[in-house]
Amino acid sequence: MTALLPTPEGSLVVAPLGENQERVRFSLVIPTYNEATNIVPLIKSLEALLTPQLGDSFELIVVDDDSPDGTWKVVQAILPAHPRLRLMRRQGEKGLSTAVIRGWQAARGEIIGVMDADMQHPVEANLGLLAEMGRGADLAVASRHVSGGGVSDWSAARRVLSRGAQLLGLLILPGVLARLTDPMSGYFMLRRSAIEGIELSPLGYKILIEVVARGRVRWIGETGYVFRERAEGESKVTARLYLQYFQHLLRLRWATLPSSSLFRFCIVGGTGVVVDMGMLFLLSDPRMLGWGLTRSKIIGAETAILTNFLLNDAWTFRELARTAPGLKRKFRRFLGFNAICTAGLALNVVLLNLLFNVWHVDRYLANALAIIAVTFWNYALNRRLNWAPGGPLSRRSRAPSFAAARAPDNSSTRGEAAP
Ligand code: GDD
Ligand code: MN
């Protein structure tokens with residue numbers, strides 16, 4: 001293998017390894033920008049750590065963006081004495097996320113990973129991560145927010161910013177962020193196959209979110225680590241990165257919308273309105289059957305609940321429905337759906353009254369707000385109580401859930417597939 005790597009060009013896709021291509025167990029990418037003082041000690045401690053575990057079957061790939069402090073020069077000088085070390089000096093393209101992906105593109109590992117060069121990520125956590133991968137994880141993340149993890153000396157302001165960013169992500173992309181205790185982590189590894197052939201387009205720093213949102217990641221393992229203070233060099237985090245993070249979240253939200261169950265739930269809800277209206281017309285319109293309004297509305301609404309249920313069971317929550325087959329259980333879900341939607345209707349009326357009579361909101365705006373609130377209510381309750389594996393309405397609690405079956409110690413493992 002050559003030690004000096006050319007920078008891959010074109011789209012940010014990690015290709016599968018060729019049949020006859022040399023491969024290693026693990027490729028660790030270390031992005032650097034002005035880390036001349038940190039990089040050599042880091043490389044040495046990584047070699048000391050990984051050689052007993054992996055022998056020759058790993059590589060360390062430094063991706064340097066032509067650092068003014070000459071980080072690449074320092075690395076280049078030690079290449080001959082370090083056979084597992086590779087260097088990519090990028091000129092032109094810049095930025096942390098693309099540096100990492102360019103490094104992965106040049107990597108020959110079945111497992112590919114990333115960590116910082118500045119000693120803030122303790123090297124030892126790599127062993128915990130490799131152990132998680134060995135247990136079958138698709139992605140293993142070093143987290144500051146599980147047992148054994150933490151931040152050493154952060155100011156209250158930085159803690160609040162970090163948690164605030166996490167909360168914002170949870171609101172915009174719950175299906176991704178809820179799977180990670182530390183979505184901001186820049187220290188993780190994954191099975192190459194989880195992102196092979198998928199075009200990545202990250203923005204800013206948060207490449208982990210990109211991987212979870214777009215990759216084929218079923219099982220996520222985590223291990224704790226303490227984020228150390230920087231002793232040498234300085235952080236490149238700026239206010240602009242927070243803005244990029246926000247843009248990145250929105251971009252991922254848009255890209256993953258069709259696969260979001262909330263989105264499907266809303267589409268189904270829309271078809272329900274059409275069914276409800278159509279029934280009201282058929283039953284109550286003087287030109288049609290001309291039945292009483294209340295009777296017609298009740299039959300129409302119940303029909304819409306039935307069609308909504310069938311669509312949600314077959315489409316919105318199909319993966320979850322598949323874990324509990326059989327007509328009897330389907331019927332039980334139908335009853336649960338009915339109960340939740342009826343309670344939702346009551347909530348709708350209460351909200352409409354509050355908004356209109358107490359807060360004097362325009363009646364149509366009030367109705368729209370009430371409908372939006374109830375849609376979230378219906379979705380959340382159905383997802384948690386009715387379609388959740390082992391949920392209280394499903395009476396399946398004795399069957400082991402997917403997560404528990406795959407990982408006996410699920411304190412550190414989140415096994416659930418993304419919705
Ligand atoms: N090639 C390249 N190009 N490397 C970069 C660039 C870049 O534009 N910007 C930063 N790096 C390298 C740094 O040299 C360092 O090795 C690593 O990326 C992280 O950059 P820092 O500037 O040290 O980031 P941080 O310490 O503030 O942020 C860290 O903590 C975050 C969690 O709060 C990083 O680990 C983030 O990934 C992590 O999300
Ligand atoms: Mn750092």
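Residues numbered from 1 in each chain as written. Chains lettered and ligands numbered in written order. Predicted model: local features only at pLDDT ≥ 70, side-chain atom pairs only at ≥ 80, totals over all residues. Heavy atoms only, no water.

Things to note about the overall build of the protein
Now for step 1: Across its full length, the protein holds 14 helices and 11 strands.
Now for step 2: Viewed in the frame of its principal axes, the protein has a C-alpha envelope of about 90 × 45 × 40 Å.
Now for step 3: Buried residues in the protein amount to 47% of all 419 residues.
Now for step 4: Intrachain contacts of the protein at a sequence separation of at least 6 include 76% that bridge at least 24 residues.
Now for step 5: Surface exposure of the protein reaches about 20,300 Å², of which carbon and sulfur atoms provide 63%.
Now for step 6: Here the protein holds 48 positive side-chain charges and 35 negative ones, and the gap between their average locations is 10 Å. (Helix = DSSP H or I, 4+ residues; strand = E, 2+ residues; numbered from the N terminus. Buried < 20%, exposed > 50% of the residue type's maximum accessible area, 1.4 Å probe, protein only. Contact = heavy atoms within 4.5 Å. Areas by Shrake-Rupley, 256 points an atom, 1.4 Å probe, with all protein chains shown as cover. Lys, Arg positive; Asp, Glu negative; His and termini not counted. Charge placed at Lys NZ, Arg CZ, Asp CG, Glu CD.)

Here we look at unusual backbone geometry
Now for step 1: Although it is not a glycine, Met119 sits at a positive phi angle of roughly 75°.
Now for step 2: Tracing the sequence through the fold places Met119 in the loop between strand 5 (109-114) and helix 4 (125-134).
Now for step 3: When its relative accessible area of 25% is taken as the criterion, Met119 is described as partly exposed.

Let's talk about the domain arrangement of the protein
Now for step 1: Taken domain by domain, the protein comprises domain 1 (24-257) and domain 2 (260-388).
Now for step 2: Each of domain 1 and domain 2 was reduced to a C-alpha centroid, and the two centroids are 44 Å apart. (Domains from an automatic or database assignment.)

Quick look at the pattern of salt bridges
A side chain with one charge can pair with a side chain of the opposite charge if their charged atoms come near.
Now for step 1: Enumeration according to the criterion identifies 17 salt bridges in this entry.
Now for step 2: A salt bridge links Arg84 to Asp56; the nearest nitrogen and oxygen atoms lie 3.9 Å apart. Of this pair, Arg84 sits in the loop between helix 2 (71-78) and strand 4 (85-89) while Asp56 sits in the loop between helix 1 (39-54) and strand 3 (58-64), placing them 28 residues apart in sequence.
Now for step 3: Overall, Arg84 belongs to the buried group, its relative accessible area being 15%.
Now for step 4: Taking the shortest distance from any N to any O, the salt bridge between Arg89 and Asp66 comes out at 2.7 Å. Here Arg89 is found in strand 4, whereas its partner Asp66 is found in the loop between strand 3 and helix 2, with 23 residues between them in sequence.
Now for step 5: On the basis of relative accessible area, Arg89 is assigned to the partly exposed category, the value being 30%.
Now for step 6: A single network of salt bridges, built from pairs that share partners, joins Asp65, Arg90, Glu93 and Arg102. (Salt bridge = Lys/Arg side-chain N within 4 Å of Asp/Glu carboxyl O.)

Section: the coordination of the manganese ion (ligand 2)
Now for step 1: The protein atoms that coordinate the manganese ion (ligand 2) are Asp118 (OD) and Gln120 (OE1), at distances spanning 1.9 to 2.0 Å. Each member of the pair, Asp118 together with Gln120, is buried. (Donors = N, O, S within 2.8 Å, 3.2 Å for Na, K, Ca; no water.)

Notes on helix 1
Now for step 1: Here helix 1 contains 16 residues, and its C-alpha end-to-end distance of 21 Å stays within 8% of the 22 Å for a straight helix at 1.5 Å per residue.
Now for step 2: Within helix 1, the full set of buried residues consists of Ile39, Val40, Leu42, Ile43, Leu46, Glu47, Leu49, Leu50 and Leu54.
Now for step 3: On its buried face, helix 1 is in contact with strand 2 (24-32), strand 3, helix 2, strand 4 and helix 4.
Now for step 4: Remark: Gly55 follows helix 1 within two positions and exhibits a positive phi of approximately 60°. (Expected span 1.5 Å × (residues − 1).)

Details of helix 5 (residues 156-172)
Now for step 1: Over its 17 residues, helix 5 runs 24 Å from end to end, which matches the ideal 24 Å to within 8%, given 1.5 Å per residue.
Now for step 2: Restricting attention to buried positions, one finds in helix 5 the residues Ser162, Ala165, Gln166, Gly169 and Ile172. Buried residues of helix 5, viewed axially, fall in a sector of 135°; they line one side. Opposite the packed face of helix 5, turned more than 90 degrees from it, sit the exposed residues Ala156, Ala157, Val160, Leu167 and Leu171.
Now for step 3: Packed against the buried residues of helix 5 are helix 6 (174-177) and helix 8 (239-255). (Arc of directions from axis to C-beta.)

Quick word on the nonpolar core
Now for step 1: Formed by 41 residues in total, the largest nonpolar core has its most connected members in Trp104, Leu139, Phe188, Leu190, Ile195, Ile209 and Val211.
Now for step 2: Contact partners of Leu190, with chain neighbours within four places excluded, come to Trp104, Glu110, Ile111, Ile112, Met133, Asp138, Leu139, Ile195 and Val211.
Now for step 3: By size, the runner-up hydrophobic cluster in this structure holds 38 residues, among which are Ile39, Leu129, Leu130 and Trp154. (Core = buried A, V, L, I, M, F, W, Y, C linked by side-chain atoms within 4.5 Å.)

Regarding the packing of aromatic side chains
Remark: the centre distance and the inter-plane angle together describe each pair of aromatic rings, the angle taken between the planes.
Now for step 1: Under the defined criterion, the tally for this structure stands at 12 aromatic pairs.
Now for step 2: Between the aromatic rings of Phe309 and Phe334, the centroid separation amounts to 5.4 Å while the plane-to-plane angle is 65°, which identifies the pairing as edge-to-face. With a gap of 25 residues between them, Phe309 in helix 10 (residues 293-316) and Phe334 in helix 12 (residues 327-358) connect regions that are remote in the sequence. The residues Phe309 and Phe334 share a single accessibility class, namely buried.
Now for step 3: Positioned above the aromatic ring of Trp72, the side-chain terminus of Arg89 is 3.5 Å from the ring centre.
Now for step 4: Its end group placed over the ring of Trp315, Arg264 keeps NZ or CZ at 6.0 Å from the ring centre. (Phe/Tyr/Trp six-rings, centres within 6.5 Å; stacked < 30°, edge-to-face > 60°. Lys NZ or Arg CZ within 6 Å of the ring centre and 35° of its normal.)

Considerations on the side chain of Ser260
Now for step 1: Examined against the element boundaries, Ser260 turns out to sit in the loop between helix 8 and helix 9 (261-284).
Now for step 2: From its side chain, Ser260 meets the backbone nitrogen of Leu262 in a polar contact 3.3 Å long. (Polar contact = N/O pair within 3.5 Å; in protein donor to acceptor, adjacent residues only side chain to side chain.)

Description of the environment of Pro16
Now for step 1: Relative to the helices and strands, Pro16 resides in the loop between strand 1 (4-5) and strand 2.
Now for step 2: For Pro16, a relative accessible area of 52% translates into the label exposed.
Now for step 3: With 94 residues separating them along the chain, Pro16 and Glu110 place their C-alpha atoms 9.5 Å apart.
Now for step 4: When neighbours within four sequence positions are excluded, Pro16 is seen to be in contact with Arg192 and Glu196.

What to know about a nonpolar patch on the surface
Now for step 1: Taken together, the side chains of Phe281, Leu282, Met288, Leu289, Trp291 and Ile299 present a nonpolar region at the surface, about 520 Å² in accessible area.
Now for step 2: With respect to the helices and strands, the residue Phe281 is situated in helix 9.
Now for step 3: The exposure class assigned to Phe281 is partly exposed, which follows from its relative accessible area of 39%. (Patch = residues over 30% accessible without salt bridge, like charges linked within 9 Å, V, L, I, M, F, W, Y side chains within 5 Å.)

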